[in-house]
Amino acid sequence: MLVTRHMRQVLRRQSLSGLLSAESVTEQSSRRCISGTSEEIRIPLPYGHIAAKAWGDPNGRPILGLHGWLDNAATHDHLVPLLSEGYRLVCLDQPGHGLSSHYPAGMNYKVSDAFTFLRRVLDHLKWDKTIIMGHSMGGGIGLWYSAMFPEQVERLICIDLISFGSMPLKKHVNAARKSVLETMKVQVKMENPKVPTYSFEDACGRAFMASNLINGLGSISKESVETLMSRGLIKTPDGSGYTWSADLRLRIPTAFNMVQEITEEFGSKVECPHLLIKATEASKYMTDESYDKILKVFMQNNPHFQYRELPGGHHLHLNTPELVAPVINKFLEKDFSEPDPDRRAQFDL
């Protein structure tokens, strides 16, 4: 193993020690945080718009909030009231998610599209530089964008995803075949649409069961699901109930995957201070060997890489924001102007 068992134990002790102390709780409760309600904004795209929620001081330090697969801009709703004041947080509904426009007919979603739309968003907001805070898929998008455009990213916060995972080369052809076949099936469904209709309660129940099935039991609470469904559900055209707002094509698996070397290369190019928060009860979404290799890449190439493990499941930032927010606030306030002489300090805020 590239990261030894002893190192894992050290990292975990450092991740948990002090976080739940009375001092931490007192400090957080006395902190002046982002106040007020969010405002809805729309960012134009050639085929429609990106919907977003904006919080905080319009002149504050910019933070771009990104969500996970099939989630939406509400993913950071529980964190926002606990983040320090002085920031402008814009949380996006990524294309096809939440209240953002779906792709035109005949097109499929690709991860690579995300980097172009991020560039469009930053240009529209007139942000030369931003902090990126992403959960799950949003963290992966933020990580790779930071590698491609280091001059635009001030700091990077990734919640419960170390990076996009690789696939063994021998599986790529079959994965591409499955993607094409699934695309054809979905297109047939969209040409003959049958809109599923639910009550709000029933839809939330279905989403709760699905998320816990995909990400593990306890990965998300019912309250957190209801928060996400505030943008994950829309009224049916006849007004008889609710249906999903996410585009069905988002469920089509990608046709082209990556190998480990690509994942490591992108990870090695992140220059900004980088915080990775890992939920102890969640999947790594890759093998232990791949995870350890990427972690080692971060450690060797970025003197300002910070790693924290926190108790909870995949949506810990929604379920227990009181544990996650103090770590993020300390990271945002930390002075990274000088390299830390203590190598282990990378893992202890």
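Residues numbered from 1 in each chain as written. Predicted model: local features only at pLDDT ≥ 70, side-chain atom pairs only at ≥ 80, totals over all residues. Heavy atoms only, no water.

Undergrad: A description of the pattern of salt bridges should follow, citing residues and the corresponding values.
TA: Evaluation of the coordinates by the stated rule reveals twelve salt bridges. Of the charged contacts in the structure, one is a salt bridge between glutamate 40 and arginine 231, with a shortest N-O distance of 2.5 Å. Of this pair, glutamate 40 sits in strand β1 (residues 39–45) while arginine 231 is found in helix α7 (residues 222–232), placing the two residues 191 residues apart along the sequence. With relative accessibility at 3%, the residue arginine 231 sits in the buried group. Each of Glu40, Asp93 and Arg231 takes part in salt bridges that share partners, so that together they form one network. (Salt bridge = Lys/Arg side-chain N within 4 Å of Asp/Glu carboxyl O. Helix = DSSP H or I, 4+ residues; strand = E, 2+ residues; numbered from the N terminus. Buried < 20%, exposed > 50% of the residue type's maximum accessible area, 1.4 Å probe, protein only.)

Undergrad: Describe the environment of tryptophan 55, and please don't skip the residues or the numbers.
TA: Of note, tryptophan 55 is situated in strand β2 (residues 48–56). Separated by 35 residues in sequence, tryptophan 55 and valine 90 have C-alpha atoms that sit 6.4 Å apart. Leave out the neighbours within four places in its chain, and tryptophan 55 touches Ile34, Gly36, Thr37, Ser38, Asp77, Val80, Tyr87, Arg88, Leu89 and Cys91. (Contact = heavy atoms within 4.5 Å.)

Undergrad: Explain a nonpolar patch on the surface residue by residue, including any values.
TA: A contiguous nonpolar patch, built from Trp69, Leu213 and Ile214 and spanning about 360 Å² of accessible area, is present on the exposed surface. Mapping tryptophan 69 onto the fold places it in the loop between β3 (61–66) and β4 (87–92). (Patch = residues over 30% accessible without salt bridge, like charges linked within 9 Å, V, L, I, M, F, W, Y side chains within 5 Å. Areas by Shrake-Rupley, 256 points an atom, 1.4 Å probe, with all protein chains shown as cover.)

Undergrad: I'd like a rundown of the nonpolar core, residues and numbers included.
TA: Counting 43 residues, the largest nonpolar core has Leu64, Val90, Leu92, Leu118, Ile141 and Ile162 as its most contacted members. For this core, the element with the most residues is helix α3 (residues 113–125), which contributes seven residues. Contact partners of leucine 64, with chain neighbours within four places excluded, come to Val90, Leu92, Leu118, Val121, Leu122, Leu125, Trp127, Thr130, Ile131, Ile132 and Met133. Ranked by size, the runner-up nonpolar core spans 27 residues in total, among them Ala73, Leu79, Tyr87 and Ile277. (Core = buried A, V, L, I, M, F, W, Y, C linked by side-chain atoms within 4.5 Å.)

Undergrad: Just give me the short version of unusual backbone geometry, but keep the residues and values in it.
TA: Positive phi is not limited to glycine here, since serine 136 has a value of about 55°. Serine 136 sits in the buried class, given a relative accessible area of 12%. Of note, the phi angle at tyrosine 285 is positive, near 60°, even though the residue is not glycine. Among the structural elements, tyrosine 285 can be located in the loop between β9 (274–279) and α9 (288–301).

Undergrad: Residue-level account of α7, with values.
TA: Of all the positions in α7, only Ser224, Val225, Thr227, Leu228, Met229, Arg231 and Gly232 are classed as buried. On its buried face, α7 is in contact with β1, β2, α6 (200–215), β7 (233–235), β8 (242–244) and α10 (316–319).

Undergrad: Could you give me a rundown of the layout of surface pockets, with the residues and numbers involved?
TA: Reported here for the second largest pocket is a volume of approximately 220 Å³. Taken together, Ser166, Met167, Pro168, Leu169, Val259, Gln260, Met286, Thr287, Glu289, Ser290 and Lys293 make up the lining of the second largest pocket. Residue contributions to the lining of the second largest pocket peak at three residues, all from α9. Here the residues of the lining of the second largest pocket are counted per class, giving five nonpolar, four polar and two charged. (1 Å grid on protein atoms, 1.4 Å probe; cavity = no way out; pocket = protein on both sides within 12 Å on 5 of 7 lines; lining within 4 Å. Points joined across faces, edges and corners; volume = space filled by probe spheres on them. Nonpolar A, V, L, I, M, F, W, Y, C, P; charged D, E, K, R; others polar.)

Undergrad: Please give an account of the side chain of aspartate 160 that cites residues and values.
TA: Along the polypeptide, aspartate 160 turns up in the loop between β6 (153–159) and α5 (172–191). Judged by its relative accessible area of 0%, aspartate 160 falls in the buried class. Polar side-chain contacts of aspartate 160 include one of 2.5 Å to the side chain of histidine 314. Setting aside residues up to four positions removed in sequence, aspartate 160 forms contacts with Ser136, Ile277, Lys278, Ala279, Ala282, Ser283, Tyr285, His314 and Leu316. (Polar contact = N/O pair within 3.5 Å; in protein donor to acceptor, adjacent residues only side chain to side chain.)

Undergrad: Please set out helix α4 (residues 137–148) residue by residue, giving values where relevant.
TA: Given 3.6 residues per turn, any residue in an α-helix points the same way as the ones three and four places further on. Given a rise of 1.5 Å per residue, twelve residues ought to cover 16 Å, and the 17 Å separating the end C-alpha atoms of α4 matches this to within 8%. The buried fraction of α4 amounts to eleven of the twelve residues, a majority that puts the element mostly inside the structure. The complete set of buried residues in α4 reads Met137, Gly138, Gly139, Gly140, Ile141, Gly142, Leu143, Trp144, Tyr145, Ser146 and Ala147. (Expected span 1.5 Å × (residues − 1).)

Undergrad: Residues and numbers for the environment of methionine 148, please.
TA: Tracing the backbone shows methionine 148 in helix α4. With 121 residues separating them along the chain, methionine 148 and lysine 269 place their C-alpha atoms 7.7 Å apart. The contact partners of methionine 148, leaving out residues within four places of it in the chain, are Phe115 and Phe266.

Undergrad: Before we move on, can you summarise the sheet that holds strand β5 (residues 130–135) with the specific residues and values?
TA: Reading across from one edge, β1-β2-β4-β3-β5-β6-β9-β10 is the order of the eight strands in this open sheet, with mixed pairing throughout. Lying at the two open borders of the sheet, with one neighbouring strand each, are β1 and β10 (305–310). Strand-to-strand twist in this sheet, taken as the mean axis angle between neighbours without regard to direction, amounts to 20°. For β9 and β10, the ladder comprises six bridges, and the chain directions are parallel. Along β10, the bridge assignment pairs histidine 274 with phenylalanine 305. Along the sheet, α4 makes contact with β3, β5, β6 and β9, crossing β5 at roughly 145°. (Pairing = 2+ DSSP bridges. Axes fitted to C-alpha atoms, helices over the stretch in contact; angles between N-to-C directions.)

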